[in-house]
Amino acid sequence: MTRTVPVRLSVNGVEHELDVEPRLLLVHALRDNLNLTGTHVGCDTSNCGACTVHIDGSAVKSCTVLAVQADGAEITTIEGLGSEDNLHPMQEAFWNDHGLQCGYCTPGMIMTAAAFLQDNPNPTEQEVRRGLDGNLCRCTGYHNIVRAVLDAAKSKSPAIEATP
């Protein structure tokens, strides 16, 4: 008999009530229970950042958070950051600057970068590189990713500043 715990999450503006095992990671609750598969599982050790989401406005690696720890939190995943018809400025900058290759790390990079620009809206290249530390990309060499973040910062879009 497996014990479950009720958890209430607001994910991308939608309220959810889940019954989860106490040891279930948030990344798995998002992917398996809510079918939000844009949040990727890359390492399960918090080294790669592919699972980064926003919890109450802060970028957090969701493989380091139990779903029960997020009870009552406001969570934004890559699916809630923008849409296919209305890209978030960071998503658009990644698109325009070719800040991806295979795309596996891209959701985590975008979520980290969007939160980073809220705290540092006018960063230098070195600050962007430090801000993305902890998010690994095995394909790009980071040059276009850094350029995308800098271009998104230059856009001074209200959407960058208003990201939850």
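The structure displayed is predicted, hence computed values, not measured ones. (Residues numbered from 1 in each chain as written. Predicted model: local features only at pLDDT ≥ 70, side-chain atom pairs only at ≥ 80, totals over all residues. Heavy atoms only, no water.)

Right, let's get into the overall build of the protein chain. Broken down by element type, the protein chain carries seven helices and five strands. Ordered by position from the N terminus, the helices and strands of the protein chain form the series β-β-α-β-β-β-α-α-α-α-α-α. Projected onto the principal axes, the alpha-carbon positions of the protein chain cover approximately 50 × 30 × 25 Å. Across the 164 residues of the protein chain, 46% fall into the buried class. In the protein chain, the share of contacts with a sequence separation of at least 24, taken over all contacts with a separation of at least 6, comes to 58%. Approximately 8500 Å² of the protein chain is accessible, and the part contributed by carbon and sulfur atoms is 48%. (Helix = DSSP H or I, 4+ residues; strand = E, 2+ residues; numbered from the N terminus. Buried < 20%, exposed > 50% of the residue type's maximum accessible area, 1.4 Å probe, protein only. Contact = heavy atoms within 4.5 Å. Areas by Shrake-Rupley, 256 points an atom, 1.4 Å probe, with all protein chains shown as cover.)

What follows deals with helix α3 (residues 89–96). Listing the buried residues of α3 in full gives Pro89, Met90, Gln91, Ala93 and Phe94. Looking one or two residues past α3, His98 carries a phi angle of roughly 55°, positive in sign.

Attention now moves to unusual backbone geometry. If a residue is not glycine, its phi is most likely negative; likewise, a peptide bond is most likely trans. Notably, Ser46 is not glycine yet its phi reads approximately 70°, a positive angle. Within the secondary structure layout, Ser46 lies in the loop between α1 (26–33) and β3 (52–55). Positive phi is not limited to glycine here, since Tyr142 has a value of about 75°. Here Tyr142 is to be found in the loop between α5 (125–131) and α6 (143–155).

Taking strand neighbours across the sheet as the criterion, the five strands line up as β2-β1-β5-β3-β4 in an open arrangement whose pairing is mixed. With partners counted over all chains shown, the strands left at the sheet margins are β2 (14–20) and β4 (58–61), one partner each. Here the average twist between neighbouring strands, direction ignored, is 40°. Where β3 lies against β4, four bridges are found, and the strand directions are antiparallel. If you follow Val53 over to β4, its bridge partner there is Val60. Of the strands in this sheet, β3, β4 and β5 (74–76) are in contact with helix α4 (residues 106–119), which crosses β3 at around 40°. (Pairing = 2+ DSSP bridges. Axes fitted to C-alpha atoms, helices over the stretch in contact; angles between N-to-C directions.)

Burial analysis of strand β1 (residues 5–11) places five of its seven residues in the buried class, the great majority of the element. Relative to β2, β1 runs antiparallel, the two sharing seven bridges. Paired with Val5 across the strands is Val20, a residue of β2. Here β1 hands over to β2 after two residues, with Asn12 in that stretch at a positive phi of 55°. Pairing analysis gives two bridges linking β1 to β5, with the strands arranged parallel. Note that in β5 the partner of Ser10 across the bridge is Glu74.

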